[in-house]
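Here is what each chain is made of, one letter per residue.
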Amino acid sequence: MSYPADKPLALTLGDPAGIGLDITLLAFDARRREGLQPFVFLGDKQLLEARAKALGLSVPIATVARPQEAVEVFANALPILPIPVPVAVTPGVPEAAAMPAVTASIEAAVEMVQSGEARAVVTNPISKSCLYQAGFEFPGHTEYLAALAAQNGRAPHPVMMLASDVLKVVPTTIHIPLKDVPGALTQELLAKTIAITDRDLRRRFGLARPRLAVSGLNPHAGEDGALGREEVETIRGAIVAAQEAGIDVSGPYPADTLFHTAARERYDVAICMYHDQALIPFKTLAFEVGVNVTLGLPFVRTSPDHGTAFDIAGTGKANPRSLIEALRLADTMSAAVAGDTG
Ligand SMILES: NC(=O)C1=CN([C@@H]2O[C@H](COP(=O)(O)OP(=O)(O)OC[C@H]3O[C@@H](n4cnc5c(N)ncnc54)[C@H](O)[C@@H]3O)[C@@H](O)[C@H]2O)C=CC1
Ligand SMILES: NCC(=O)COP(=O)(O)O
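These numbers were taken from a predicted model, which means no experiment stands behind them.

Quick look at the domain arrangement of the protein
Reasoning step 1: Structurally, the protein comprises domain 1 (1-156 + 298-342) and domain 2 (159-296).
Reasoning step 2: Between domain 1 and domain 2, the contact holds 26 residues from the first and 20 residues from the second.
Reasoning step 3: Taken together, both faces of the contact between domain 1 and domain 2 bury some 1,800 Å²; the carbon and sulfur share is 55%.
Reasoning step 4: Considering only the surface of domain 1 that becomes buried against domain 2, Thr142, Asp305 and Met333 emerge as the three largest contributors, covering 31% of it.
Reasoning step 5: Along the contact surface separating domain 1 from domain 2 lie 0 salt bridges.
Reasoning step 6: The tally of links from domain 1 across to domain 2 stands at 7 residue pairs in polar contact (both at pLDDT 80 or more).
Reasoning step 7: Of all the elements in the fold, those that place two or more residues in the side of domain 1 that touches domain 2 are α7 (141-148), β12 (301-304) and α13 (321-338).
Reasoning step 8: With 8 residues, α13 is the single largest residue contributor to the side of domain 1 that touches domain 2.
Reasoning step 9: In the side of domain 1 that touches domain 2, the residues fall into 12 nonpolar, 7 polar and 7 charged.

Printed below as a string of structure tokens:
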């Protein structure tokens, strides 16, 4: 089999105690029937082989010296660019000493895409709490990737979007405590989030005029200020400014009635105010197939929508579907970016 792409997608290690290794092996195993384009895994060969054995999978693994070689071997073997994990890893048991390898893999993937050797970054799930314990200073991949993409000391503003055919959502604030959401929600942040979402849905998803629906923060979108003032003082202003800039955006809508079937027909993406407001409806409707995309970066990044699933790592219960969709979407989005002249 030959592949039209001349460069691979760069797939990161993720937490080696989680299901990242399982779903990487399963996605590779499914590459022909799923029509997947080549990817190269940036991780530890011995760990991958041990996980394949635990799962009873017979997967040939080939160490490559350069990303380009991954395209050549992908038909016959899972290409790996070695990032050694210097500690023993038991599936389901996170290990702080493995965290430098986790971040090294993400950094190597970004370098590969920035040097033009890979088409996109696809990340396996990380354990945020384990990384925090090891001194990681970013809330998650989203902000870390933006910092790695900085140019002349300026990092782009990253926007998290969860994408599926039935629903796309953007949480305006991401991994912060719920009590901090009202303070973090500024007109500037919302305006930036709306503008980046509109731009990237045009450029990277091919929507000619994306329809954005903005949720409120408070019950019933605040009932004209009686149940909270954020809609009146912050959210409406950002919507009006974006409308004046030509964006097809409306709201604020009560969040409790934004996600039923008929409501979802009226927009392409829901801009939500905080993490769970966006991710609860999304994961209820699309957990198995959903993809996490970072908008606003100078390169494409996708990820499965689920976490490390320590409870099932190495048991054979992990479903690779979300990773498969993330690999597919990275392929489509990077093709769209390559053709982007705007
Ligand atoms: N992109 C990323 O790196 C993400 C990382 N996380 C991290 O993952 C860790 C665990 O998070 P949780 O809230 O427990 O969510 P989780 O998604 O890891 O697990 C929730 C439940 O879904 C199941 N599950 C998850 N993925 C599955 C799959 N592919 N096949 C079958 N079952 C699956 C798990 O077994 C568990 O019962 C946290 O540290 C969190 O920060 C969470 C989401 C995304
Ligand atoms: N809930 C989404 C999530 O945890 C993924 O975050 P990130 O690591 O992609 O920033």
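Having put the structure on the table, let's press on.
Re the packing of aromatic side chains
Reasoning step 1: The full count for this structure, using the stated rule, is 6 aromatic pairs.
Reasoning step 2: Put simply, the rings of Phe28, Phe39 and Phe74 touch in pairs and so form one group of aromatic residues.
Reasoning step 3: Above the plane of the ring of Phe28 lies Arg31, whose end atom (NZ or CZ) is 3.8 Å from the centre.
Reasoning step 4: In this structure, Arg31 is placed above the aromatic ring of Phe74, and the distance from its NZ or CZ to the ring centre is 6.0 Å.

A closer look at the site of ligand 1
Reasoning step 1: Close to ligand 1 lie 17 residues, the nearest being Ile126, Gly307, Ala309, Asp311 and Asn319.
Reasoning step 2: Between Gly307 and ligand 1, the recorded distance is 2.7 Å, taken from a backbone N or O atom to an oxygen atom.
Reasoning step 3: At 2.8 Å from a nitrogen atom of ligand 1 is found a main-chain nitrogen or oxygen belonging to Asn319.
Reasoning step 4: Partitioning the shell around ligand 1 into residue classes produces 7 nonpolar, 7 polar and 3 charged.

Here we look at the UniProt feature "binding site: a divalent metal cation" (unreviewed entry) in the protein
Reasoning step 1: Under the UniProt annotation, the feature "binding site: a divalent metal cation" (unreviewed entry) is placed at His175, His220 and His275. Spatially, the listed residues are scattered: they cover 101 residues, and their C-alpha atoms lie as much as 23.8 Å apart. Lining of the second largest pocket among the annotated residues: His175 and His275.
Reasoning step 2: Here His220 lies in the loop between β8 (211-215) and α10 (230-244).
Reasoning step 3: His220 sits in the partly exposed class, given a relative accessible area of 43%.

What counts as what
- Residues numbered from 1 in each chain as written.
- Chains lettered and ligands numbered in written order.
- Predicted model: local features only at pLDDT ≥ 70, side-chain atom pairs only at ≥ 80, totals over all residues.
- Heavy atoms only, no water.
- Domains from an automatic or database assignment.
- Contact = heavy atoms within 4.5 Å.
- Buried area = accessible area lost by both parts, 1.4 Å probe.
- Salt bridge = Lys/Arg side-chain N within 4 Å of Asp/Glu carboxyl O.
- Polar contact = N/O pair within 3.5 Å; in protein donor to acceptor, adjacent residues only side chain to side chain.
- Helix = DSSP H or I, 4+ residues; strand = E, 2+ residues; numbered from the N terminus.
- Nonpolar A, V, L, I, M, F, W, Y, C, P; charged D, E, K, R; others polar.
- Phe/Tyr/Trp six-rings, centres within 6.5 Å; stacked < 30°, edge-to-face > 60°.
- Lys NZ or Arg CZ within 6 Å of the ring centre and 35° of its normal.
- Near = heavy atom within 4 Å.
- UniProt positions renumbered as here; feature names shortened; annotations may be inferred.
- 1 Å grid on protein atoms, 1.4 Å probe; cavity = no way out; pocket = protein on both sides within 12 Å on 5 of 7 lines; lining within 4 Å.
- Buried < 20%, exposed > 50% of the residue type's maximum accessible area, 1.4 Å probe, protein only.

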